[in-house]
Amino acid sequence: MKNLLLLIGILIFSTGCSTPVSNFLSKDKDYLILEGDIQNNIISATSTVSGKIIEMNKEQGEPVKKGDVIAVIDGANQRFEVDRLQAVVNMKKAKLEELKAGTRKQQIDQAKAQVRAAKAQLDLLISGSRKEQINQAKNNVAIAEEALKSAQVTYDHLKESYDRSLKLYEEGALPKLDMDNAKYNLETAEKQLTTFKYQLENAKQQLIHLENGPTEQEINAARANYDAAKAQLDLLLSGATEQSIQAAQADLDQSIAQLNQAKNNLNNTKITALASGILISKNFELGDVVNVGSNIADIAIEDDIYVLAYIPNEYLDKIYYNQALIVTTSLGEQTGKVSYIALKHEYVPKDKQSTSDGNRITTKIKVAIDDFNGRLKSGMKAEIKIPLKD
């Protein structure tokens, strides 16, 4: 039994002193050395609008600069919406400017004239002093009667002339042209006679109306017309209220916000690179239809690389954000900074495991390093040296 316990102790001691060969190596008592992979920070060029791709300007593997247009989505609908909202904004701006400017003098003068005319008509109906109007109406009746008599005489004369011409024409003693003239003259006289009869009847009705006096309905209508004219004048004199100006301003501001949103949607039809780097993937081609949120392409950001490694949780207290660490690559040593510490713990990924650390709980970390003008690339190996003593 003693020999068995001794053998187990030796095995435990040997296991505790062994070092993994794939993920982390403890070379001495002062440092923990992690092996990791160099990777680029990647940013996606994502569409915020939907539509058909009508331009594809970059290819996979091609370098891009920040702001370069990678693809263009058909923006016809967005342009129509911008034009429509621009017209709405222009109209509301004009309305607001008119409210702020106030009423023009010509409008006030016109409104005053309408008030005077309405007041005069109302006073005339109420006062009943329309003697001059009645006399004028009687005179109009007399004139219309004389005009009608004259027209009747002319008509009778032309009727007799027409009858004689018709008889002669039927006997073949009158040319057709003369007969046509006689008929035209008679028809003209008949129309004039009808017109004068109508004028006489109107003149008589007007006289009767004036002699009987205005109806209650006419007086009420005249009073309402006067009140409306006066209210319009008062409104013009007082000008726009502060509340109406504020409401117009708010209405304009809302339309401007909608216009800006429409312009932003139009601008978003151009998918641009958010950073300089290399286009490492292109997920759509010319003519493809994309939706909101579609990932058009991925860019590996230049001058932005890091070493990805997994640190055992028992050493997690030895690292912190922005900590300066020695990183060894194929180009030598340099100082990197801890830029990421995962919140979620995990087992060492299978492709990073050895027989000694496969079941160990670890935390993913990233250490930002210098890429030496592009000489260090994604996929290369590196070692991170973490001090174990403060």
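The model shown is predicted, which means the values in this text are computed figures rather than measured ones.

Colleague: Outline the overall build of the protein, listing residues and values.
Modeller: Along its length, the protein carries 7 helices and 13 strands. Counting across all 390 residues of the protein, residues that qualify as buried make up 32%. Residue pairs at least 24 apart in sequence account for 77% of intrachain contacts in the protein once pairs closer than 6 positions are excluded. Counting only carbon and sulfur atoms, one obtains 53% of the accessible surface of the protein, whose full area is about 24,700 Å².

Colleague: Please provide a residue-by-residue account of the confidence of the model for the protein, values included.
Modeller: For the protein, the average pLDDT comes to 83, and 84% of its residues sit at 70 or higher. Here residues 1-22 is modelled with pLDDT under 50, and outside its nearest four sequence neighbours on either side it reaches 14 contacts, counting other chains as well.

Colleague: Break down the nonpolar core for me, with residues and values.
Modeller: Soluble globular proteins tend to bury their nonpolar side chains together. One finds Leu34, Ile365, Val367, Ile369, Ile384 and Ile386 to be the most contacted residues of the largest nonpolar core, which totals 20 residues. Of all the secondary structure elements, the ones that give two or more residues to this core are strand E2 (31-46), strand E9 (295-312), strand E10 (324-329), strand E11 (332-347), strand E12 (361-369) and strand E13 (381-387). Counting residues per element, this core draws most heavily on E9, which supplies 4 residues. Ignoring anything within four residues of it in the chain, the contact list for Ile365 reads Leu34, Val307, Leu308, Ala309, Ile311, Ile319, Tyr340 and Ile341. Counting 18 residues, the second largest nonpolar core, distinct from the first, contains Val141, Leu148, Tyr155 and Leu193.

Colleague: Explain the packing of helix H2 (residues 76-101) against helix H7 (residues 242-267) to me, using residue names and the numbers behind them.
Modeller: Running from amino to carboxyl end, H2 crosses H7 at an angle of 160°, the nearest separation of the two axes being 9 Å. With respect to their mutual orientation, H2 and H7 come out roughly antiparallel. H2 and H7 meet at a crossing whose hand is left-handed. Tallied by class, residues from the contact of H2 with H7 come to 13 nonpolar, 7 polar and 7 charged.

Colleague: Summarise the environment of Ala300; cite the residues concerned and give the values.
Modeller: Mapped onto the secondary structure, Ala300 falls in strand E9. Take Ala300: its relative accessible area is 9%, and that puts it in the buried class. Separated by 24 residues in sequence, Ala300 and Ser276 place their C-alpha atoms 8.2 Å apart. If near-sequence neighbours (up to four positions away) are discounted, Ala300 is found in contact with Asn40, Asn41, Ile42, Ser276, Gly277, Ile278 and Ile280.

Colleague: Pulling in residues and values, what's your account of a nonpolar patch on the surface?
Modeller: Nonpolar side chains collect at one region of the surface, where Ile42, Ile278 and Ile280 lie side by side and expose about 240 Å² of accessible area between them. As for its placement among the helices and strands, Ile280 is situated in strand E7 (residues 277-282). Residue classification places Ile280 among the partly exposed residues on the basis of a relative accessible area of 35%.

Colleague: So, the pattern of salt bridges: which residues are in play, and what are the values?
Modeller: According to the stated counting rule, one finds 10 salt bridges in the structure shown. Of the charged contacts in the structure, one is a salt bridge between Lys58 and Glu62, with a shortest N-O distance of 3.7 Å. Overall, the relative accessible area of 14% leaves Lys58 in the buried class. In this structure Glu62 comes out as partly exposed when scored by relative accessible area, which is 27%. Among the ionic pairs, Asp251 bridges to Lys92, the shortest N-O distance being 2.9 Å. Of this pair, Asp251 sits in helix H7 while Lys92 sits in helix H2; the two residues are 159 residues apart in sequence, bridging distant segments of the chain. Look at Lys92 and you get buried, because its relative accessible area is 17%. One continuous salt-bridge network, built from bridges that share partners, spans Lys58, Glu62 and Asp68.

Colleague: Residue-level account of the sheet that holds strand E6 (residues 270-272), with values.
Modeller: Note on sheets: strands pair through backbone hydrogen bonds, and any given pair is parallel or antiparallel. Across the sheet, 4 strands lie side by side as E6-E5-E3-E8; this open sheet has antiparallel pairing. Looking at the sheet topology across the chains shown, the edges are occupied by E6 and strand E8 (289-290). Two strands pair when backbone bridges link them, and strand E3 (residues 51-56) and E8 are joined in this way by 2 bridges, in the antiparallel orientation. The residue of E8 that forms the bridge with Lys52 is Val289.

Colleague: So, helix H4 (residues 131-170): which residues are in play, and what are the values?
Modeller: Along an α-helix, a turn takes 3.6 residues, which lines up residues three or four apart on a common side. With 40 residues, H4 ought to run about 58 Å at 1.5 Å a step, and its terminal C-alpha atoms sit 58 Å apart, in line with that. For H4, the set of buried residues is Ala137, Val141, Ala144, Leu148, Ala151, Tyr155, Leu158, Tyr162 and Ser165. Lining the buried residues of H4 we find helix H5 (176-212). Phi turns positive one or two residues past the end of H4, at Gly172, with a value near 85°.

Colleague: Just give me the short version of the packing of aromatic side chains, but keep the residues and values in it.
Modeller: For any two aromatic rings, the description comes down to two numbers: the centre-to-centre distance and the angle of the planes. One pass over the structure, following the stated rule, counts 0 aromatic pairs. Lys366 extends its terminal NZ or CZ atom over the ring of Tyr340, reaching a point 4.8 Å from the ring centre. In this structure, Lys385 packs its charged tip against the face of Tyr31, placed 4.2 Å from the ring centre.

Colleague: Now, about the environment of Lys263: what can you tell me, with residues and values included?
Modeller: Note on placement: Lys263 falls in helix H7. Separated by 184 residues in the primary sequence, Lys263 and Arg79 place their C-alpha atoms 7.9 Å from one another.

Colleague: Mind laying out the side chain of Asp371, listing which residues take part and the relevant values?
Modeller: Within the secondary structure layout, Asp371 lies in the loop between E12 and E13. Of the side chains with opposite charge, Lys377 comes closest to the buried, unpaired Asp371, at an N-O distance of 8.4 Å. If we skip the residues at most four places from it in the chain, Asp371 touches Asp303, Ile305 and Leu376.

Thresholds, definitions, all that
Residues numbered from 1 in each chain as written. Predicted model: local features only at pLDDT ≥ 70, side-chain atom pairs only at ≥ 80, totals over all residues. Heavy atoms only, no water. Helix = DSSP H or I, 4+ residues; strand = E, 2+ residues; numbered from the N terminus. Buried < 20%, exposed > 50% of the residue type's maximum accessible area, 1.4 Å probe, protein only. Contact = heavy atoms within 4.5 Å. Areas by Shrake-Rupley, 256 points an atom, 1.4 Å probe, with all protein chains shown as cover. pLDDT = per-residue confidence, 0-100. Core = buried A, V, L, I, M, F, W, Y, C linked by side-chain atoms within 4.5 Å. Axes fitted to C-alpha atoms, helices over the stretch in contact; angles between N-to-C directions. Parallel < 35°, antiparallel > 145°, perpendicular 65-115°, else oblique. Left-handed = near helix turned anticlockwise from the far one by under 90°. Nonpolar A, V, L, I, M, F, W, Y, C, P; charged D, E, K, R; others polar. Patch = residues over 30% accessible without salt bridge, like charges linked within 9 Å, V, L, I, M, F, W, Y side chains within 5 Å. Salt bridge = Lys/Arg side-chain N within 4 Å of Asp/Glu carboxyl O. Pairing = 2+ DSSP bridges. Expected span 1.5 Å × (residues − 1). Phe/Tyr/Trp six-rings, centres within 6.5 Å; stacked < 30°, edge-to-face > 60°. Lys NZ or Arg CZ within 6 Å of the ring centre and 35° of its normal. Lys, Arg positive; Asp, Glu negative; His and termini not counted.

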